[in-house]
Amino acid sequence: MQPIDFTELSCKECAKACDLGFDFSMAFQPIVDISTRTVFAKEALVRGLNGEGAAEVFKQVNESNRYRFDQSCRVKAIRLAAELGVQSFLCINFLPNAIYKPELCIRTTLAAAETYGFDRTKIIFEFTENERIFDQQHLLNIIKHYQQIGFQTAIDYFGSGYNGLAQLADLKTKFTKIDMELIRNIDQDPARQTILRHTVKMLAELGQRVIAEGIETKAEYETLRDMGITLFQGYLFAKPTFERIPEIHWPD
């Protein structure tokens, strides 16, 4: 199905999730910088109106509404972040397969940033390796266009998806988030430690900042900190909170 032309969508329509057939909102989870003990970014995470997880919301997304859903996610995230007074970076996940022309599909995001007074240079667009991309050139065009107009970009769930190292070579994002499956119990797993140690070194040589996500224990955090990682996200620091900013718990 051909996506609806984005020019038919206003910030108001996207914020209300018009014609999706369902509504949703956002929770926020911080990404902390341990080198400065500050909040580096806040990630907007899709939630149902009663706090249902992202998986439940995504069950309602299909070919006919994927484009509107992607646009609505962006607008809701920006509006809520502005209302909550977010001053850090804002991470927004996007669906590459929902974007048919980057220069058109980004206009709603630009309009939302202007409407709600949120600095667009503070937006980091994350795309996940878990969504299979059949046209790599299309994804490359999206990333390049976003970077040209001032957005930051990040690979999410690195190490768990379809493309891995090939994407790193081509896409040249600013950030890479290491998948929690590589991180879980890393303090007890020499093989994972070896993989992550070399991955961190490789990403540093590529000029990328590493974000370790899914950190749940102090031992995981300390192991990764000793590898030189400074950006962390996970329950150890704060759980996602529905439509508000959570309090940070700093490890001793």
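Residues numbered from 1 in each chain as written. Predicted model: local features only at pLDDT ≥ 70, side-chain atom pairs only at ≥ 80, totals over all residues. Heavy atoms only, no water.

Q: Honestly, the pattern of salt bridges in this entry has me stumped. Any pointers?
A: Pairing is possible between side chains of opposite charge, provided their charged atoms come close. Taken as a whole and assessed by the stated rule, the structure comprises 15 salt bridges. The partner of aspartate 33 in a salt bridge is arginine 209, and the shortest N-O contact between them spans 3.7 Å. In this pair, aspartate 33 sits in strand 1 (residues 25-33) while arginine 209 sits in strand 7 (residues 209-213), placing the two residues 176 residues apart along the sequence. The class for aspartate 33 is buried, based on a relative accessible area of 8%. Each member of the salt-bridge network shares a partner with another, and the members are Glu43, Glu126, Lys177 and Glu213. (Salt bridge = Lys/Arg side-chain N within 4 Å of Asp/Glu carboxyl O. Helix = DSSP H or I, 4+ residues; strand = E, 2+ residues; numbered from the N terminus. Buried < 20%, exposed > 50% of the residue type's maximum accessible area, 1.4 Å probe, protein only.)

Q: Even after reading the chapter, I still don't get the pairing of strand 6 (residues 175-178), so can you show me in this structure?
A: Each regular strand carries side chains that alternate between the two faces of the sheet. Alternating positions in strand 6 separate into two faces, Phe175 and Lys177 on one and Thr176 and Ile178 on the other, with burial throughout. Pairing of strand 5 (residues 152-158) with strand 6, which is carried by 3 bridges, proceeds in the parallel orientation. Among the inter-strand pairings, alanine 154 is bridged to a residue of strand 6, identified as phenylalanine 175. Two strands pair when backbone bridges link them, and strand 6 and strand 7 are joined in this way by 4 bridges, in the parallel orientation. Each bridged residue has a counterpart across the sheet, and for phenylalanine 175 the counterpart in strand 7 is arginine 209. (Pairing = 2+ DSSP bridges.)

Q: Help me understand the side chain of threonine 153 in this model?
A: Inspection of the secondary structure assignment puts threonine 153 in strand 5. Here the side chain of threonine 153 touches glutamine 147 through a polar contact of 3.0 Å, side chain to side chain. Non-local contacts of threonine 153, meaning those with residues more than four positions away in its chain, are made with Ile124, Phe125, Ile143, Tyr146, Gln147, Thr173, Lys174 and Phe175. (Polar contact = N/O pair within 3.5 Å; in protein donor to acceptor, adjacent residues only side chain to side chain. Contact = heavy atoms within 4.5 Å.)

Q: What is the right way to look at unusual backbone geometry in this model?
A: Excluding glycine, a negative phi dihedral is what most residues carry, and trans is how most peptide bonds are arranged. Of note, asparagine 185 is a non-glycine position whose phi angle comes to about 60 degrees, a positive value. Along the chain, the position of asparagine 185 falls in the loop between helix 8 (180-183) and helix 9 (190-205). With a phi angle near 55 degrees, glutamate 243 is a residue other than glycine that sits in the positive phi range. Relative to the helices and strands, glutamate 243 resides in the segment after strand 9 (241-242). You can call glutamate 243 partly exposed: its relative accessible area is 35%.

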